[in-house]
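For reference, the chains in residue letters:
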Amino acid sequence: MRKNRLLFIFFISISSGLFSQERNEIIQQRVEFIAEQSESEELDLTNIFDQLNYFFDNPINLNNTNPDELRALGLLTEVQITDALLHVEQFGKFISIYELQSLKYWDLNTISLVLPFVKVDDRLENMHITFKDAIKNGKIEWYTRYQRTPEQKKGYTPVSDSVLNNSNSFYRGNPDKYYTRFRYTYRTNISLGVTAEKDAGEEFFKGSQKNGFDYYSFHAFYKGGKYNRAVAAGDYQIQIGQGLNTWSGYAFGKSADIFSSKKAANLLRPYTSVDENRFFRGGAAIIGYKKWNLLTFYSNKKIDGSGISDTLTDDLEFVTTIDLSGLHRTNSEIARKNKLSEQVIGNYLSYNSTRFNAGLAVVNQQYSQELQKDTVPYNLYAFRGKNTTAISGDYNFVLRNFNFFGEVSYSTHSKSFAQLHGLMAILDPNVSISVIYRNYSKGYYSFYNNGFSEGSNTQNETGIFSGIKVKLAPAWSVSSYVDFFRFPWLKYQVDAPSKGHEFLVQPTYKPNKVFEIYARFRQQTRQKNSRNTDGSITEIENVVQNNYRLNMSYKVLESFTLKSRLEYVTINRKSNAAEDGWIFTQDFLFKPKNLPFDLTLRYALFDTDSYDTRIYTFENNALYVFSIPAYYYQGSRAYAMIRFSFLRHCDLWIRYGTFLYSNRTVLSSGPEEIKGSRKSDITVQFRLNF
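Because the structure is a prediction, the values reported are computed rather than measured. Sequence order as written defines the numbering, with residues in each chain counted from 1. Owing to the predicted nature of the model, reporting of local features is limited to residues with pLDDT of at least 70; listing and counting of side-chain atom pairs is limited to 80 or more, with chain, interface and lining totals taken over all residues. Side-chain metrics rest on all non-hydrogen atoms present in the structure, leaving aside hydrogens and water.

1. Quick look at the overall build of the protein chain
Then comes step 1: From N to C terminus, the protein chain includes nine helices and 32 strands.
Then comes step 2: Here the C-alpha radius of gyration of the protein chain, 26 Å, is about what a compact globule of 690 residues would show, namely 26 Å.
Then comes step 3: For the protein chain, the spread of C-alpha atoms along the principal axes amounts to about 75 × 55 × 55 Å.
Then comes step 4: Burial classes: relative accessible area under 20% of the type maximum marks a residue as buried, over 50% as exposed, and values in between as partly exposed (1.4 Å probe, protein chains only). Across the 690 residues in the protein chain, those meeting the buried criterion constitute 50%.
Then comes step 5: Counting only contacts in the protein chain whose residues sit at least 6 apart along the sequence, the fraction spanning at least 24 positions is 61%.
Then comes step 6: All accessible-area figures derive from a Shrake-Rupley calculation using a 1.4 Å probe, and residue coverage is judged against the displayed protein chains alone. Element-wise, carbon and sulfur atoms account for 57% of the exposed surface of the protein chain, whose accessible area totals about 31,800 Å².
Then comes step 7: Working convention for charge: Lys and Arg count positive, Asp and Glu count negative, and His plus the chain ends are omitted. Lysine's charge is taken at NZ, arginine's at CZ, aspartate's at CG and glutamate's at CD. Averaging the locations of the 81 positively and 70 negatively charged side chains of the protein chain gives two centres separated by 5 Å. In this description a helix means any DSSP run of H or I spanning at least four residues, a strand means any run of E spanning at least two, and both kinds are numbered starting from the N terminus. As a reference, a globule follows 2.2 Å times the number of residues to the power 0.38, and the radius of gyration itself is taken over C-alpha atoms. In this description, contact between two residues means that some pair of their heavy atoms is separated by no more than 4.5 Å.

Following this line, the structure appears as structure tokens:
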């Protein structure tokens, strides 16, 4: 105990002088950890970054907080949250930050993780908001960003108007991507903002986009009243339970952090991202009394769709496909824009206390035209019609060091259920476990669901996930999980019921604050259609993918960090020759505390047999730009990014990256085709904040 106390005091003493320099590094590490689990090139973690950035500037006072605020931090388990709150309730307020080590379920790693975002203060903060204080202490930020691929893509080839008007092979706009955001915030109580974006290939102040940007978003948000606890107008997000009924925005999945598989819902928050689909547009409010809350919301917005049109009016009779890309570059993409109206009305009644919270939700969703997906076998249980209602109940309670949680949801149109139940426990400060069971009917449907799953939606899946984290010694820990899953009905490119499993083990060695190394092995076994078929019956086969990773991070100097990674992947299946691939990345991060700039460099070598053996790797980019490209084929990748801070309120990011392929003379296909072996990207972003 004496040794732990000395280590803790040493950590506090060296950390206090570094936090001001390490804001971006601390937040970046958490965002990178989340992004690494996604394996997707399209990822928007704006809300997560906003939360951590806010709590860095405004640490949570552990003597005057609540479960929702600690959950919003996203770094603590339910058992740890209850542990902290009960300590204050039973023993009085924390006297010093050093007292955190007395908490039974907070080890040194947990404390070091959350320390930049919490504080201990015996003064009650003034929760009354005045107009004068909001004006004086509010924060204003303005971002503007430019991005482009400098190489010529086939879709931007100059052609005559007659060809352009009658072809879907060419883009109507220029290859520039524009983004701008203006936002005013006061603590977490008030937020006003406007966001606009034009994707590459979309028109700008002409043609189909005479109003300039292709996408606009506005929000006004207030939180903090005794009874009227939150109000949102414009664009907003809703998160309920474990995501089976309604969950807009990003949600965690399986990762080396076994506790991230449980969702921490943030009922109502403003929407500031650029995903053009997974948000609500209208109004919402939370009315509360003591430990009870009632969330009510209404949303009505246009979404993209295509289908069968009336030959006389050219209006859609019914929709076969909802387009979630948000891209409006070609004639066909423009024709799909705003073809469908979506209305969502919902209510959620919840009870919240330190150890127990539960809720009941009713959410109705309507479309202006019938949705009728193609009549292929795997779509047999897909949603059809204009209207559906999801009714759900969720629970979460802590019993000593055990956290039980779950949700059951019912879809009225198909009379189908989806359910999830989980247990997380800290058996002792060195051993933690997580178990989650899910059962999603093949007929269940809710457009905004985002439950824990192996598939892409909360439907047609059963499974059980079990994870464990063990601290073997002060410098050593091991995380591992296994997930078994089944799909009772057919899926896209899987012409029979199927099953699979996933296994991960990750030992980590972190002897001090400046050095960390971990190894990871992950095996994924899924069943897919065989590539050998006679055109009549297609058999399914096991596809086994193994990933091996060795990752090292070393802070050579206070201002200089090295990060190295070697990853190897293999894929084996009966109907195809074995394939493999590897990648090596070397990052250099130079962040001097006494100079007004920082520099990030990467050089990478990669060689994979095909796109199937692609490897996703997180890349540093400008603030609110989340880059996780897929590396595949054979070649090298390099990028450099520099950030300048000047005039106290201004930041400028400039980034250039390039892929150079050694075994390709043509990249991509269709309108995205590039003649040559190089593909580059440019990002320039400016921020003004005061």
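2. Re unusual backbone geometry
Then comes step 1: Phi at Lys415 is positive, roughly 55°, even though this residue is not glycine.
Then comes step 2: Looking at the element boundaries, Lys415 is found in the loop between β15 (402–411) and β16 (416–428).
Then comes step 3: Phi is positive for Tyr633, which is not a glycine, with a value near 70°.
Then comes step 4: Turning to its location among the elements, Tyr633 is positioned in the loop between β27 (630–631) and β28 (634–646).

3. Thoughts on the pairing of strand β6 (residues 215–223)
The side chains of a regular strand alternate between the sheet's two faces.
Then comes step 1: Pairs of strands are assigned from DSSP output, requiring at least two bridges between the strands. Bridging between strand β5 (residues 190–198) and β6 involves eight bridges; their strand directions are antiparallel. Across the sheet, Ser191 pairs through a bridge with Phe221, a residue of β6.
Then comes step 2: As paired elements, β6 and strand β7 (residues 228–238) share five bridges and run antiparallel to each other. Pairing of Lys223 across the sheet is with Ala230, part of β7.
Then comes step 3: What sits between β6 and β7 in their antiparallel hairpin is a turn of four residues, with Gly224 showing a positive phi close to 140°.

4. A closer look at a nonpolar patch on the surface
Then comes step 1: A cluster of nonpolar residues, Tyr548, Leu550, Leu566, Tyr568, Trp582, Phe584, Tyr603 and Leu605, forms a patch on the protein surface that exposes about 720 Å² of accessible area.
Then comes step 2: Secondary-structure elements contributing two or more residues to the nonpolar patch are β22 (540–557), β23 (560–573), β24 (576–590) and β25 (597–608).
Then comes step 3: Along the chain, the position of Phe584 falls in strand β24. The residues that make up patches have over 30% relative accessible area and no salt bridge, and they are joined within 9 Å when like-charged or within 5 Å when they are Val, Leu, Ile, Met, Phe, Trp or Tyr. Here, a salt bridge means any side-chain nitrogen of Lys or Arg that lies within 4 Å of a carboxyl oxygen of Asp or Glu.

5. What about the packing of aromatic side chains?
Then comes step 1: Two aromatic rings from Phe, Tyr or Trp, using only the six-membered ring of Trp, form a pair when their centres are within 6.5 Å; if the ring planes differ by under 30 degrees the pair is stacked, by over 60 it is edge-to-face, and anything between is tilted. Under the definition given, this model contains 44 aromatic pairs.
Then comes step 2: Look at Phe447 and Tyr448: their rings are 4.8 Å apart centre to centre, the planes differ by 85°, and that puts the pair in the edge-to-face class. We note that Phe447, like Tyr448, is buried.
Then comes step 3: Linked through ring pairs, Tyr146, Tyr178, Phe204, Phe205, Phe213 and Tyr216 together constitute an aromatic cluster.

6. Section: the pairing of β25
Then comes step 1: Going residue by residue along β25, you find Asp598, Thr600, Arg602, Ala604, Phe606 and Thr608 tucked away on one face and Phe597, Leu599, Leu601, Tyr603, Leu605 and Asp607 left uncovered on the opposite face.
Then comes step 2: Pairing of β24 with β25, which is carried by 10 bridges, proceeds in the antiparallel orientation. Residue pairing in the sheet places Phe584 in a bridge with Leu605 of β25.
Then comes step 3: Hairpin connection of β24 to β25: six residues between the antiparallel strands.
Then comes step 4: The sheet contact formed by β25 and β28 spans 11 bridges and is antiparallel. Bridging from a neighbouring strand, Leu599 pairs with Ile642 of β28.

7. Some remarks on the confidence of the model for the protein chain
Then comes step 1: pLDDT expresses how confident the predictor is about each individual residue, on a scale running from 0 to 100. In this model, the protein chain carries a mean pLDDT of 88, and residues with pLDDT of at least 70 account for 91%.
Then comes step 2: With pLDDT under 50 throughout, residues 1–21 is counted as low confidence; its partners more than four residues away or in other chains account for 26 contacts.

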